[in-house]
Amino acid sequence: MNEPTTARHWAAAALPKAAPAIATTTVLALARIWNANGAEHSVGNAALMTALSLGAAAAGVVAGNATGDSVLVGTAFAASGALAFAGVAGYADGLPLPLLLWSLATAGAYGLAARYWRHDRRETVAYQRETSERREEYAHIERVETLRATTQIEVARSGAAYAESLAQALVHRAALPGFDPAALQAAGLPQLPTADTTKEY
């Protein structure tokens, strides 16, 4: 009846919580590598990243108007923000501005993720509550049916034992001398079997 529970590894439990920070840190690291390889003060690279960021934002707006899928829209705007962040971090010549943008992007990512985590947590709690209630209901029904079946078995067993005892008593009484079945019939009782005294053994 009870399902086995398995404990999740701590890394598997912590990975979703660390995903936003890992994503923004990865973008920052790649942008700084790009900066060291010629993107610093490169207008062409900055224009490319700006165009890609605006394209991703436009795709998010179109997806929101066409489908209304919040996951798709959120993905598009996250990509737009990541491209803009990478463009600025790749263009800038120092670390203060990229680090400031990294902290803002990380805080924003956690703010957006917290909304989905709360929603997922509510759904998980509701599912666990429903499953627990259903399990308790089935366990109660199982206990009631078990008690009912046990009672029926005991009643049938007691009835069979009583009928057997009664039959033995009647046979024994009919074998006694002086037994008059006519007297029982006259009293309104059912006729009882009589001993066959002519039968030779």
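Preceding this paragraph is the structure being described.
Residues numbered from 1 in each chain as written. Predicted model: local features only at pLDDT ≥ 70, side-chain atom pairs only at ≥ 80, totals over all residues. Heavy atoms only, no water.

Student: I'd like a description of the nonpolar core, backed by residues and values.
Tutor: Considering soluble globular proteins, one finds that nonpolar side chains tend to be buried as a cluster. Counting residues in hydrophobic clusters, the biggest one holds six residues: L28, A31, M49, F85, A86 and A89. Of all the secondary structure elements, the ones that give two or more residues to this core are α1 (10-39) and α3 (70-91). Per element, the largest residue contribution to this core is three residues, and it comes from α3. Sequence-distant contacts of A89, defined by excluding residues within four places in its chain, comprise L28, A31, R32, N35 and P98. (Core = buried A, V, L, I, M, F, W, Y, C linked by side-chain atoms within 4.5 Å. Buried < 20%, exposed > 50% of the residue type's maximum accessible area, 1.4 Å probe, protein only. Helix = DSSP H or I, 4+ residues; strand = E, 2+ residues; numbered from the N terminus. Contact = heavy atoms within 4.5 Å.)

Student: Run through a nonpolar patch on the surface, naming residues and quoting values.
Tutor: A grouping of V88, L97, L100 and L104 is seen on the molecular surface, where their side chains present a nonpolar patch of about 340 Å² in accessible area. Here the element with the most residues in the nonpolar patch is helix α4 (residues 96-175); it accounts for three residues. Looking at the secondary structure, you find L97 in helix α4. Take L97: its relative accessible area is 43%, and that puts it in the partly exposed class. (Patch = residues over 30% accessible without salt bridge, like charges linked within 9 Å, V, L, I, M, F, W, Y side chains within 5 Å. Areas by Shrake-Rupley, 256 points an atom, 1.4 Å probe, with all protein chains shown as cover. Salt bridge = Lys/Arg side-chain N within 4 Å of Asp/Glu carboxyl O.)

Student: I'd like a description of the pattern of salt bridges, backed by residues and values.
Tutor: Counted according to the given criterion, the structure contains three salt bridges. For E130, the salt bridge identified is with R134, shortest N-O distance 2.8 Å. In this pair, E130 and R134 both sit in helix α4, four residues apart, roughly one turn of the helix. Since its relative accessible area comes to 43%, E130 is described here as partly exposed. Salt-bridge contacts for R157 lead to E154; the nearest nitrogen and oxygen are separated by 3.4 Å. Placement of the pair is R157 and E154 together in helix α4, with a separation of three residues, close to one helical turn.

Student: Could you give an account of α3, naming the residues involved and the relevant values?
Tutor: Compared with an ideal rise of 1.5 Å per residue, which puts 22 residues at 32 Å, α3 spans 31 Å between its outermost C-alpha atoms and is within 8% of the ideal. Taken together, the buried positions of α3 are occupied by V73, A76, S80, F85, A86, G87, A89 and G90. (Expected span 1.5 Å × (residues − 1).)

Student: Can you tell me about the packing of helix α2 (residues 43-66) against α3, naming the residues and giving the values?
Tutor: The contact between α2 and α3 brings their axes to 8 Å, and the two run at 170°. Classified by the interaxial angle, the pair formed by α2 and α3 is roughly antiparallel. Touching V43, A46, M49, L52, S53, A56, A57, A59, G60, V61, A63 and G64 of α2 are L72, V73, A76, F77, A79, S80, L83, A84, A86, G87 and Y91, all from α3. The class makeup of the residues in the contact of α2 with α3 is 18 nonpolar, five polar and no charged. (Axes fitted to C-alpha atoms, helices over the stretch in contact; angles between N-to-C directions. Parallel < 35°, antiparallel > 145°, perpendicular 65-115°, else oblique. Nonpolar A, V, L, I, M, F, W, Y, C, P; charged D, E, K, R; others polar.)

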